[in-house]
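So you can see what is in the structure, the chains are spelled out below.
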Amino acid sequence: MSKVIRLDYSKTLGFVSQAEINAQAALAKKSNETLHNGSGKGNDFLGWLTLPSSITDADLNDIQATADALRAKCEVVVLVGIGGSYLGSRAVIDALSSSFDWLQKERKSPVILYAGNNIGEDYLVELTEYLQGKSFGIINISKSGTTTEPALAFRILKSELEKSVGKEEAKSRIVAVTDAARGALFTLATKEGYKKYVIPDNVGGRFSVLTPVGLLPIAIAGIDIKELVAGARLLEEKTAPSVPFEENLSEQYAVVRNELYKKGKKIEILANFHPKLHYFAEWWKQLYGESEGKDNKGIFNASVDFTADLHSMGQWIQEGERSIFETVISVAKPNHSFLVPTDEENLDGLNFLAGKNVDYVNKMAELGTQIAHVDGGVPNIKVVVPVLNAYSIGQLIYFFEKACGISGYILGVNPFDQPGVEAYKKNMFALLEKPGYEKETEAIKKRL
Ligand code: PA5
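Predicted model only: the values in this text are computed from it and were never measured. (Residues numbered from 1 in each chain as written. Predicted model: local features only at pLDDT ≥ 70, side-chain atom pairs only at ≥ 80, totals over all residues. Heavy atoms only, no water.)

Draft legend 1. A look at the overall build of the protein. The number of helices and strands found in the protein is 18 helices and 10 strands. For the protein, whose C-alpha radius of gyration is 23 Å, the value lies close to the compact-globule estimate of 22 Å for 448 residues. Overall, the C-alpha framework of the protein stretches about 60 × 60 × 50 Å when taken along its three principal axes. Looking at the protein residue by residue over its 448 residues, the buried ones come to 52%. For the protein, contacts bridging at least 24 residues in sequence account for 79% of all contacts bridging at least 6. (Helix = DSSP H or I, 4+ residues; strand = E, 2+ residues; numbered from the N terminus. Rg over C-alpha atoms; globule rule 2.2 N^0.38 Å. Buried < 20%, exposed > 50% of the residue type's maximum accessible area, 1.4 Å probe, protein only. Contact = heavy atoms within 4.5 Å.)

Draft legend 2. Geometry of the side chain of T211. Position of T211 relative to the elements: it lies in the loop between strand 6 (195-198) and helix 10 (212-220). Classification of T211 by relative accessible area gives buried; the value is 2%. A polar contact is formed between the side chain of T211 and the backbone oxygen of S208, at a distance of 2.7 Å. (Polar contact = N/O pair within 3.5 Å; in protein donor to acceptor, adjacent residues only side chain to side chain.)

Draft legend 3. Molecular detail of the domain arrangement of the protein. Assigned domains within the protein: domain 1 (6-42 + 230-409) and domain 2 (47-228). Look at where the C-alpha atoms of domain 1 and domain 2 centre, and you get two points 29 Å apart. Residue-level contacts link 29 residues of domain 1 with 29 residues of domain 2. The contact between domain 1 and domain 2 buries some 2,500 Å² in all, and 62% of this surface belongs to carbon and sulfur atoms. Scanning the region where domain 1 abuts domain 2 turns up 1 salt bridge. Between E290 and R206 there is a salt bridge, and its shortest N-O distance comes to 3.1 Å. Counting the contacts that link domain 1 with domain 2 gives 15 residue pairs in polar contact (both at pLDDT 80 or more). A total of 9 residues in the side of domain 1 that touches domain 2 trace back to one element, the largest contributor, which is helix 16 (residues 390-411). Split by residue class, the side of domain 1 that touches domain 2 holds 15 nonpolar, 6 polar and 8 charged. (Domains from an automatic or database assignment. Buried area = accessible area lost by both parts, 1.4 Å probe. Salt bridge = Lys/Arg side-chain N within 4 Å of Asp/Glu carboxyl O. Nonpolar A, V, L, I, M, F, W, Y, C, P; charged D, E, K, R; others polar.)

Draft legend 4. Structural detail: the environment of W283. In this fold, W283 is placed in helix 13 (residues 278-292). Between the C-alpha atom of W283 and that of R90, which follows or precedes it by 193 residues, the distance is 8.3 Å. Apart from residues no more than four positions distant in its own chain, W283 is found in contact with L87, G88, A91, R206, V209, I397, F400 and E401.

Draft legend 5. Structural context of the site of the ligand. In the neighbourhood of the ligand, 13 residues make up the surrounding shell, with S85, S142, S144, T147 and Q286 lying closest. Interatomic distance of 2.7 Å between a backbone N/O atom of K143 and an oxygen atom of the ligand. Here the ligand loses 87% of its free accessible area of 380 Å² to cover by the protein chains. Partitioned by chemical class, the residues of the shell around the ligand number 1 nonpolar, 9 polar and 3 charged. (Near = heavy atom within 4 Å. Areas by Shrake-Rupley, 256 points an atom, 1.4 Å probe, with all protein chains shown as cover.)

Draft legend 6. Broad picture of the nonpolar core. By size, the foremost hydrophobic cluster in this structure holds 93 residues, and its most contacted members are W48, F280, W283, I393 and F400. With 14 residues, the top contributor of residues to this core is helix 16. Two domains each donate at least three residues to this core, and these are domain 1 (6-42 + 230-409) and domain 2 (47-228). Excluding residues within four positions of it along the chain, F400 makes contact with Y253, L270, F280, W283, W284, L287, Y288, I329 and V383. Counting 21 residues, the second-largest nonpolar core is a separate cluster that includes A153, F154, I174 and Y194. (Core = buried A, V, L, I, M, F, W, Y, C linked by side-chain atoms within 4.5 Å.)

Draft legend 7. Geometry of the packing of aromatic side chains. In this structure the tally under the stated criterion is 17 aromatic pairs. Ring geometry for F154 against Y194: centres 6.2 Å apart, planes inclined by 85°, an arrangement best described as edge-to-face. Of this pair, F154 sits in helix 7 (residues 148-165) while Y194 sits in the loop between helix 9 (184-192) and strand 6; the two residues are 40 residues apart in sequence, bridging distant segments of the chain. Accessibility assignment for this pair places F154 and Y194 in one class, buried. What links up through ring pairs into an aromatic cluster is the set Y253, F280, W283, W284, Y288, F399 and F400. It is K134 that lies over the ring of Y130; its NZ or CZ is 3.9 Å from the centre. (Phe/Tyr/Trp six-rings, centres within 6.5 Å; stacked < 30°, edge-to-face > 60°. Lys NZ or Arg CZ within 6 Å of the ring centre and 35° of its normal.)

Here it is, written out as structure tokens:
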């Protein structure tokens, strides 16, 4: 079986023609070249393009050593971060960890928990309660170092950790991943002497999973980061501008989704048939939503977990407004085998499946869904992953990142900025009466 991911857009061809797709090949190639020669919009944020080939074994060994030190000390590691500073790690950790591992008493790796991605008071109380009496550490990830949600969570968790193990020991259990020279987190980490990792200036949050932002937490979770990077490296080669359009998965995906968009398919749903991929979709939504949703255009990105959501959103997908297309992450082979048992009484009527793998049932659900949705007017793109392992997930990450850059250029936007996320922050600071926001406070209060 091939170890390489595959793209199948044949089930979009009733909605767009191969000729229409081929007609866009040159634009996709040009967009890919523009990324590589750095002549396009947002060209100061292209560091991610060559991360897989430029990260060295020494870099990876250093990250692994830090991860091992925390693994040795901590039952729990809390990842503090939001958006691009946490979704990539969570996507990979969830996809590659045993679903119930965190509930086990005897564990090989620390439990990874998340904070700083919300401002829920109950969440923080419940988290700190859970941490009572446990040996824990913190990775604080913030490129700007000033984002409110993680800063607030870190302030609380740092104080809890210091109360629990003392200030000196706490320092050895905190790692900061931030800017090389600026920001509140950089200043704090330098003063306290925390171990620091740098988020390169030219890598934006949503493209940062293959930097220490993602690699450190992923290594702490016991996942092979060298395999992850090797998978990404393979796709870096396979999606290079020199690879013809007919073989270039990222160029093809970028073109097909833009052609569907032109035909009125304004919403793309990323579907999976494995609950472990839920957070992969969350990462993907940020990647595409934040990269393309601007200048009053861009596909809206949504996600569904099948088969669960076939019993809820399935109705809308089958018969709602015909403005959607579906991209399915299809896992060719599960990591485990479980056969449906025979039951003497057969009261549930399932003996016709006895002796078959559960995955066979899942695959028939997937195929049946594809046929139903395409019949119902929903074009279907399939990304086939050979098996859920670090090598495949590394490929998937780079495939989607590269396609996102190309797709943004095809659409004509700057895929590497996110001016729209500032609006809520400005209002929040004004409402909180943050020093420096006096004028905004006055103005917003008049509107209430
Ligand atoms: O992709 C992005 O740029 C954002 O999602 C950021 O990663 C997110 O807002 C967190 O920012 P920071 O890492 O500066 O705390």
